[in-house]
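Survey of secondary and tertiary structure
Read off the chains here:
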Amino acid sequence: MKLFFKILSVLFAVLFLVSAGLQYNDPDPMLWIVIWGIAAVLSILFFYDKISSSVLFIIGIVSFIGFLSLFPSNFQGFGLEDGDITTVELAREAVGLLIIALVLFMYAFRIRYLEKKQTKN
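So, here is what we can say about the structure in this document. (Residues numbered from 1 in each chain as written. Predicted model: local features only at pLDDT ≥ 70, side-chain atom pairs only at ≥ 80, totals over all residues. Heavy atoms only, no water.)

This brings us to the nonpolar core. Core analysis: the biggest nonpolar cluster contains 25 residues, and Phe16, Phe46, Leu56 and Tyr107 have the highest contact counts within it. Elements represented by at least two residues in this core include exactly helix H1 (2–21), helix H2 (29–47), helix H3 (53–70) and helix H4 (85–120). It is H4 that contributes the most residues to this core, ten residues altogether. Each residue touching phenylalanine 46, except ones within four places of it in the same chain, is listed here: Phe5, Lys6, Ser9, Ile51, Leu56, Tyr107, Arg110 and Ile111. (Core = buried A, V, L, I, M, F, W, Y, C linked by side-chain atoms within 4.5 Å. Buried < 20%, exposed > 50% of the residue type's maximum accessible area, 1.4 Å probe, protein only. Helix = DSSP H or I, 4+ residues; strand = E, 2+ residues; numbered from the N terminus. Contact = heavy atoms within 4.5 Å.)

Put into structure tokens, the structure is as follows:
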């Protein structure tokens, strides 16, 4: 199982870096490059067991709050043909934050699980 999470963290680090790279044509590219870059760094830190579950939970909560605050109340889809470009852009950005939050929560729960397992032994 440990190998599974190592592979998963590398996969997410790569996906987050690709996501950062795709932001070059975004209306606010630097913000999103930094956000995706931080997610990639957190994945790498998780891979090397160099981050605490508390940090991951806090950043995950911030990401989830970002998702809730950005997601449009009049969701029209993710494609450019689905509706207003601003609404589509907000939905895409919000779901990106949701993905980051879910991945960080997964990492945090994994660390907590391993910590509890070690204290039992």
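Now for a nonpolar patch on the surface. Taken together, the side chains of Val10, Val14, Val18 and Leu22 present a nonpolar region at the surface, about 340 Å² in accessible area. One can find leucine 22 in the loop between H1 and H2. A relative accessible area of 53% places leucine 22 in the exposed class. (Patch = residues over 30% accessible without salt bridge, like charges linked within 9 Å, V, L, I, M, F, W, Y side chains within 5 Å. Areas by Shrake-Rupley, 256 points an atom, 1.4 Å probe, with all protein chains shown as cover. Salt bridge = Lys/Arg side-chain N within 4 Å of Asp/Glu carboxyl O.)

Moving on: the pattern of salt bridges. The full count for this structure, using the stated rule, is one salt bridge. In this structure, aspartate 49 and lysine 6 form a salt bridge, with 3.5 Å as the shortest nitrogen-oxygen distance. In this pair, aspartate 49 sits in the loop between H2 and H3 while lysine 6 sits in helix H1, placing the two residues 43 residues apart along the sequence. Accessibility expressed as a relative area gives 53% for aspartate 49, which makes it exposed.

We now examine the environment of isoleucine 111. Position of isoleucine 111 relative to the elements: it lies in helix H4. Classification of isoleucine 111 as buried rests on a relative accessible area of 13%. Distance in space between the C-alpha atoms of isoleucine 111 and serine 52 is 7.4 Å, their sequence separation being 59 residues. For isoleucine 111, the residues in contact, after removing those within four places along its chain, are Phe46, Ile51, Ser52, Ser53 and Leu56.

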